[in-house]
Amino acid sequence: MLNIALFGPPGSGKGTQSKKLLEKYHLVYISTGDILREQIAQQTALGLQAKQLIDKGHLVPDELVVKLLEEKMDNNPKADGFLFDGFPRTFEQAGILEDLLSKRNMSLSGMISLEVPEKELTERLLQRAKTQGRSDDTKEVIEARFKEYASKTMPVIDFYKGLNKYHPINGVGTLDEIFARIQQVIDNL
Ligand code: AP5
Ligand code: MG
């Protein structure tokens, strides 16, 4: 069974590479960002709460995100494995994910971290803003997301280093080049 966490700063290509991974591996995809945007679109109470934070570039509280994640896992009891995009994003979430998986007799196979310089991330996100209109893709909010990533999310790296599950890869290049690097990591897990 393969359980992968695709990790990286805003704009590093988590969503893009997830699509390619799902074409190749039979995994259930859990993107907490996508799930939160669905909640916002449906105007649920949780979605309204999340929107306030997402539009400022802040993380949503762990308990809200974990609730949504657990729901999605429970809705897929027969999954051959999961692909997590954008989760875990705090040290606490990393510990929670270990527990959620072990309760289901699973474990994370590896955390793959896409490394991209901030200048390129900003260019990608501002470019995406022109076509996709995500409310958090403005210059100001992108900067806030980077700050949140540096202070709250980077500690997740140490969590997985401690478990020997941290696999950094160069996230700059063509989509196929990056996908080949990811595949190489997965083949060696
Ligand atoms: P989330 O939706 O996860 O956003 P993010 O982490 O900021 O990342 P993005 O989705 O913007 O980028 P990506 O890495 O997926 O890159 P993509 O493939 O799109 O989270 C949004 C918000 O929700 C958070 O800020 C937070 O508030 C909340 N949230 C979510 N999860 C949470 C959690 N666990 N806990 C608490 N809060 C949470 O690529 C970006 C662009 O670059 C695209 O246009 C793409 O076409 C392009 N691109 C991709 N690859 C390349 C390449 N190799 N070369 C050139 N361009 C490329
Ligand atoms: Mg994404």
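See the structure shown above.
Trainee: Looking at this structure, how should I read the environment of Lys-19?
Mentor: Turning to its location among the elements, Lys-19 is positioned in helix H1 (residues 14-24). By relative accessible area, Lys-19 is classed as exposed at 61%. Each C-alpha atom of the pair Lys-19 and Leu-175 lies 11 Å from the other, and the pair is 156 residues apart in sequence.

Trainee: Could you clarify how one ought to interpret the site of ligand 1 in this entry?
Mentor: Around ligand 1, a shell composed of 30 residues is seen, among which Thr-16, Thr-32, His-58, Arg-89 and Arg-128 lie nearest. A distance of 3.0 Å separates a nitrogen atom of ligand 1 from a polar backbone atom of Gly-86. Isolated, ligand 1 exposes 1000 Å² of accessible area, and the fraction of that covered by the protein chains is 87%. Placement of ligand 1 is best described as lying within the largest pocket. Those elements giving two or more residues to the shell around ligand 1 turn out to be H1, helix H2 (32-41), helix H6 (118-132) and helix H9 (175-187). A per-element tally of the shell around ligand 1 places H2 first, with four residues. Residues that form the shell around ligand 1 fall into these classes: 11 nonpolar, 11 polar and eight charged.

Trainee: Mind showing me how you'd approach the packing of aromatic side chains here?
Mentor: Here the distance between the centres and the angle between the planes together describe a pair of aromatic rings. Here the structure, examined in full by the defined rule, presents four aromatic pairs. When the centroid spacing of 5.4 Å and the interplanar angle of 80° are considered together, the rings of Phe-91 and Phe-159 count as edge-to-face. With Phe-91 in helix H5 (residues 91-103) and Phe-159 in helix H8 (residues 155-162), this residue pair connects regions lying 68 residues apart in the sequence. Judged by its relative accessible area of 41%, Phe-91 is partly exposed. Accessibility expressed as a relative area gives 17% for Phe-159, which makes it buried. In textbook terms, an aromatic cluster arises when at least three aromatic residues are bridged by ring pairs, as seen for Phe-91, Phe-159 and Tyr-160. Between the NZ or CZ atom of Lys-20 and the centre of the ring of Phe-179, over which it lies, the distance is 5.5 Å.

Conventions and cut-offs
Residues numbered from 1 in each chain as written. Chains lettered and ligands numbered in written order. Predicted model: local features only at pLDDT ≥ 70, side-chain atom pairs only at ≥ 80, totals over all residues. Heavy atoms only, no water. Helix = DSSP H or I, 4+ residues; strand = E, 2+ residues; numbered from the N terminus. Buried < 20%, exposed > 50% of the residue type's maximum accessible area, 1.4 Å probe, protein only. Near = heavy atom within 4 Å. Polar contact = N/O pair within 3.5 Å; in protein donor to acceptor, adjacent residues only side chain to side chain. Areas by Shrake-Rupley, 256 points an atom, 1.4 Å probe, with all protein chains shown as cover. 1 Å grid on protein atoms, 1.4 Å probe; cavity = no way out; pocket = protein on both sides within 12 Å on 5 of 7 lines; lining within 4 Å. Sits in = over half its atoms within 2 Å of the grid points. Nonpolar A, V, L, I, M, F, W, Y, C, P; charged D, E, K, R; others polar. Phe/Tyr/Trp six-rings, centres within 6.5 Å; stacked < 30°, edge-to-face > 60°. Lys NZ or Arg CZ within 6 Å of the ring centre and 35° of its normal.

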